[in-house]
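An overview of the molecular structure
Residue strings, one per chain:
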Amino acid sequence: MTTLSSLNIGETLPIVELAPVSRIDLIKYAGASGDYNPIHTIDDEAHKLGLPGVIAHGMWTMGNVSKLFSDYFEEGYIKEYTVRFKGMVVLNDVITLKAEVSEKQDDLLHFKVFAVNQDQKKVLEGKLMIQLF
């Protein structure tokens, strides 16, 4: 397995493809996060606001991006993480997570992170910094 410290600028981590987004995923996330906004769980409420149906919590998508780094927690920790939400995630979307090294400085690794849906439409982009031990 590749180590984080061996990565160079432009190299990527193995992608992570999530299972299709299900209503139960969103209900469980609502309970875990305390975000019970009905646009995330009730189609009629989402439709009232002109949405195509329920949409995933942005923070659900953001939290899932950390799965890219799960195999590397013994090497360091996430020191900084910022994102911009670029599109909605709806039921049955298949989200693919990606990370690319953008900068290396001493014991810090900077990544560009992305989440795209099955149509390759970007739904999230951001920056994440790993502090190596």
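Basis of the calculations
Residues numbered from 1 in each chain as written. Predicted model: local features only at pLDDT ≥ 70, side-chain atom pairs only at ≥ 80, totals over all residues. Heavy atoms only, no water. Phe/Tyr/Trp six-rings, centres within 6.5 Å; stacked < 30°, edge-to-face > 60°. Helix = DSSP H or I, 4+ residues; strand = E, 2+ residues; numbered from the N terminus. Buried < 20%, exposed > 50% of the residue type's maximum accessible area, 1.4 Å probe, protein only. Salt bridge = Lys/Arg side-chain N within 4 Å of Asp/Glu carboxyl O. Pairing = 2+ DSSP bridges.

Inspection of every chain in the model, using the stated rule, returns two aromatic pairs. Look at Phe 69 and Phe 111: their rings are 5.1 Å apart centre to centre, the planes differ by 80°, and that puts the pair in the edge-to-face class. Here Phe 69 is found in the loop between helix H3 (58–65) and strand S2 (76–85), whereas its partner Phe 111 is found in strand S4 (residues 108–116), with 42 residues between them in sequence. Here the aromatic rings of Tyr 77 and Phe 133 are separated by 6.0 Å at their centres, their planes lie at 40°, and the arrangement is tilted. Of this pair, Tyr 77 sits in strand S2 while Phe 133 sits in the segment after strand S5 (122–132); the two residues are 56 residues apart in sequence, bridging distant segments of the chain. We classify Phe 133 as exposed; its relative accessible area is 68%.

Turning our attention to the pattern of salt bridges. In the structure shown here, the tally under the stated rule is five salt bridges. Put simply, Glu 125 and Lys 86 hold a salt bridge, and the shortest N to O gap is 3.5 Å. You can see Glu 125 sitting in strand S5 and its partner Lys 86 sitting in the loop between S2 and strand S3 (96–105), a full 39 residues away along the chain. Glu 125 sits in the partly exposed class, given a relative accessible area of 23%. A residue is classified by how much of its surface remains accessible, and Lys 86, at 43% relative accessible area, is partly exposed. One network of salt bridges, with partners in common, ties together Lys 86, Lys 122 and Glu 125.

Where burial is concerned, most of S4 is hidden: eight out of the nine residues are buried. The pairing of S3 with S4 spans nine bridges and is antiparallel. Within the sheet, the bridge partner assigned to Leu 97 lies in S4 and is Ala 115. As consecutive antiparallel partners, S3 and S4 are separated by two residues, and within that stretch Asp 106 has a phi angle of approximately 50°, a positive value. The sheet contact formed by S4 and S5 spans nine bridges and is antiparallel. Residue pairing for S5: Ala 115 is matched across the bridge by Leu 124. Adjacent in sequence and paired antiparallel, S4 and S5 are bridged by five residues, among which Gln 120 carries a positive phi angle near 65°.

Just distances and angles here, no functional claims.
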